[in-house]
Amino acid sequence: MFGFERIFIEETHFLTFVFSKLLEGNAVIMKHLSFFPWFKRHVYQFLSLKQVFYIIVLLNSVSILLCALAGYQIYTAAYNQLLSDSLASSLSVTSAQIAQSMENVEYVSTLMLSSSAIQEQLSDAPAGNDVPGMNEYNRTINNALSEYSSLFRSNHIAYAALFGPTATNSTNWALQEKTVPYLLDAAIFNGQKRAGAVTWTSCSRSRYLLLSRNIRQISGLSLQSLGNLVIAVDIESLVSSASQFVSTYPDQKFIFFTPGGSILYAPDDMSDEEAKDLIQTSNDPWQIQSFHGHKYFVIQGTLPHYQYHYLSMAPYDKIANALQKSMRLLVLILAAGMLIVTFLSNRLINAIIHQFDVLIGRMESFSQNELELPKESTPMEYQPREIRSLHHNFNEMARRIQELVQITYTNKLLAKDAQLRALRSQISPHFLYNTLETINWRAKAVGNQKISQIAESLGNLLRASLSNQKPLVTLSYELELVDSFITIQKIRFEEQLEFHSEISEEARSGQIPPLTIQPLVENAIHYGMEEMTEVCHIDLTAEIKEGILNISVKNEGSFFEEELLEKLRSKTRKPNGFGIGLLNIDERIRLIFGDEYGLSLSNEGGLAVATIRLPFRTQEDTDLC
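Figured I'd write up the structure that's included with this text. These figures come from a predicted structure and were not determined experimentally.

How each quantity is defined
Residues numbered from 1 in each chain as written. Predicted model: local features only at pLDDT ≥ 70, side-chain atom pairs only at ≥ 80, totals over all residues. Heavy atoms only, no water. Phe/Tyr/Trp six-rings, centres within 6.5 Å; stacked < 30°, edge-to-face > 60°. Helix = DSSP H or I, 4+ residues; strand = E, 2+ residues; numbered from the N terminus. Buried < 20%, exposed > 50% of the residue type's maximum accessible area, 1.4 Å probe, protein only. Contact = heavy atoms within 4.5 Å. Pairing = 2+ DSSP bridges. Axes fitted to C-alpha atoms, helices over the stretch in contact; angles between N-to-C directions. Core = buried A, V, L, I, M, F, W, Y, C linked by side-chain atoms within 4.5 Å. Salt bridge = Lys/Arg side-chain N within 4 Å of Asp/Glu carboxyl O. Parallel < 35°, antiparallel > 145°, perpendicular 65-115°, else oblique. Left-handed = near helix turned anticlockwise from the far one by under 90°. Nonpolar A, V, L, I, M, F, W, Y, C, P; charged D, E, K, R; others polar.

### Re the packing of aromatic side chains
- According to the stated counting rule, one finds three aromatic pairs in the structure shown.
- Measuring from ring centre to ring centre gives 5.8 Å for Y159 and Y208, while their planes differ by 85 degrees; the resulting arrangement is edge-to-face. Remark: Y208 occurs in strand 4 (residues 208–216) and Y159 occurs in strand 1 (residues 157–163); sequence separation between them is 49 residues. Of the two residues, Y159 and Y208, both sit in the buried class.

Next comes the structure, spelled out in structure tokens:
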């Protein structure tokens, strides 16, 4: 017998398969969930690592539960579909047997219509007042009908009635009397209307389904109407016989109805209204509906070769109870699994967090105990690989920090020593300044102005070179140094050197690195006077254009090599003393103001031109920065 138990056993592997696939999908989802931006922003930011672990475990548990419920729903739907296919298969056999029985009844009617005894008696029927003739007529007709009585029971025929021109004969008058009168009249009318063809007549909740045919005279092929044959088929016997050998469930119910919704047959405990409600709500191939406090699996079909429909109702209470029990068992197993997972996760999370706490404690101890590296409480071989790697990296970092601290401490000692040495070395510059002042005073005393100017200018240069530690000075301050340097050089070269400067008043307040212009002027005098026998002209200009301070030093008697600075940077050109000074000026400007500024060298109209380009900034702008 095909029952729920066997289906459940055979299909259990389907639930296992679906559940495993859902778990795999859940694992992928949870893998990517931790990288979801919202999750990181709102969870990782405010919770501890332990709380994050617990949330992940909770999300995994809830996801597994939801996936299990979804799998249960998928399994239930799949089982119901299998049940529908099984019932549809058994109902196809039932409907085929019912249709075959109806075709057999039609064959019996054909045999009766073609019976020679019935044809002769109906063709030569006696008058109603001919008593002996009527007795012979009835006896002959009844004997002819009795000859087919063996076929009645096997085809669920309740009775057969022959309506002749002068009399009516029936195989069972008692059952005929129970037939609704208007149903008999309708059957006779339908039979006459079809002129010998088979017609089936029924009415709502009638016990019988009536086959009626008009009897036509065969002799001579006159086809004259001789009477009407009505065969009553017991619907309840027909349905019970067809379904008892193929029905899976003993309490299975059937409803037969016409295309218009008229109920032909329904169980005794079901009213017409209830039957019609079941028919109207059963539009899907299968449904689960309630009837009198019980659940039924409802499936609908049509009799082959006939326009009658049927509705099969298989008891579903046992199946539903089994599914509910399996659902409760599934939930119980999942709940127990979640408790076990929670317990084990708690132990594992605490073990992992403990390792992090130990590492954090070592870090705090390292920072508080004068950078002394604490020992590890747990041997390295008993720690997880990642934790072992963290401890190893921390140990390496701590050792490097200790080395750096030791180096820094040593450097501080060396710096202190250097400061002491610098304090001692300051005696020499001050002694030099005092000596130059003495020479200047003595030169003025004897009236030698040139020696006085040289001593005074040299003192200014030394003070600017040794005493000024500011990163930027005003152009005015730098020009004073240039003037002191030019004073010494003019005394040296006398009328052979001609120096001219053209500086705008606004440019004088601009900020430049110290000792930037003097080396350029010194370079111009050195190379300009080297080959000159005549007067060497040197021009110094400074102007502001679109927020840029441009300072140029031009001289006669020399020229700059093409791409000299690039060659000096790439070391393809070996620098001499002044080459190093040019690179120093360019690198200092770029370091302070950016790569778009600096020193450029060019030749214009027989003049060697050194140009400084830097942003125009005043002392106030520098203070704001």
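### Here we look at the environment of S109
- Tracing the chain through its elements places S109 in helix 3 (residues 49–113).
- Taking C-alpha positions, S109 is 10.0 Å from I215, a pair spaced 106 residues apart along the chain.
- For S109, the residues in contact, after removing those within four places along its chain, are L211, R213, L229 and I231.

### Focus: unusual backbone geometry
- With a phi angle near 55 degrees, H292 is a residue other than glycine that sits in the positive phi range.
- Mapped onto the fold, H292 is located in the loop between strand 8 (286–291) and strand 9 (294–302).
- Judged by its relative accessible area of 46%, H292 falls in the partly exposed class.
- Its identity is not glycine, yet E546 carries a phi of approximately 55 degrees, on the positive side.
- Residue E546 is classed as exposed on the basis of its relative accessible area, which comes to 81%.

### Section: the environment of S240
- Mapped onto the elements, S240 comes out in helix 9 (residues 235–243).
- Spatially, the C-alpha atoms of S240 and T94 are 9.6 Å apart, while their sequence positions differ by 146 residues.

### Observations regarding the sheet that holds strand 4
- If you walk across this open sheet you meet the five strands as 2-1-5-4-3, and the pairing is antiparallel. The open sheet has two edge strands, strand 2 (168–170) and strand 3 (199–201), and neither has a second partner. For this sheet, the mean angle separating the axes of adjacent strands, direction not counted, is 20 degrees.
- Summarising the sheet, strand 1 and strand 2 pair through three bridges and their orientation is antiparallel. Bridge pairing links A161 to S170 in strand 2.

### A few points about the nonpolar core
- Ranked by internal contacts, the top residues of the largest apolar core, which has 43 residues, are L475, I517, V521, I525 and I551.
- At the level of secondary structure, the elements contributing two or more residues to this core comprise helix 15 (475–493), strand 12 (497–503), helix 16 (517–531), strand 14 (536–545), strand 15 (548–555), helix 17 (564–570), helix 18 (577–593) and strand 17 (607–615).
- If near-sequence neighbours (up to four positions away) are discounted, I517 is found in contact with L475, E478, L479, V482, I512, L540, I551 and V553.
- Counting residues in each nonpolar core, the second largest holds 40 residues, with M112, I231, Y308 and Y310 among its members.

### Re the sheet that holds strand 10 (residues 309–315)
- Pairing is antiparallel across the open sheet formed by five strands, whose spatial order is 7-6-10-9-8. Two strands in the sheet have a free side with no partner beyond their single neighbour: strand 7 (263–265) and strand 8. Averaged over all neighbouring strand pairs, the angle between strand axes comes to 35 degrees, with direction disregarded.
- Bridge analysis of strand 8 against strand 9 gives six bridges, and the strand direction is antiparallel.

### So, the pattern of salt bridges
- Taken as a whole, this structure holds seven salt bridges when the rule is applied.
- Note that R207 is salt-bridged to D234, the shortest N-O span being 3.7 Å. Here the residue R207 occupies a position in the loop between strand 3 and strand 4, and D234 occupies one in strand 5 (residues 225–234), the gap between them amounting to 27 residues.
- A salt bridge links R590 to D586, with the shortest nitrogen-to-oxygen separation between them at 3.0 Å. One end of the pair is R590 and the other is D586, both in helix 18 and four residues apart, which spans about a single turn.
- Looking at R590, the relative accessible area reads 29%, which means it is partly exposed.

### Some remarks on the packing of helix 4 (residues 116–123) against helix 5 (residues 131–146)
- Where helix 4 contacts helix 5, the axes come no closer than 9 Å and their chain directions differ by 155 degrees. On the basis of their axis angle, the class for helix 4 and helix 5 is roughly antiparallel. Of the two elements, helix 4 crosses helix 5, and the hand of that crossing is left-handed. Side by side, helix 4 and helix 5 meet where A117, I118, Q121 and L122 of the first sit next to E136, Y137, T140, I141, A144 and L145 of the second.
- Of the residues belonging to the contact of helix 4 with helix 5, the class tally is seven nonpolar, two polar and one charged.

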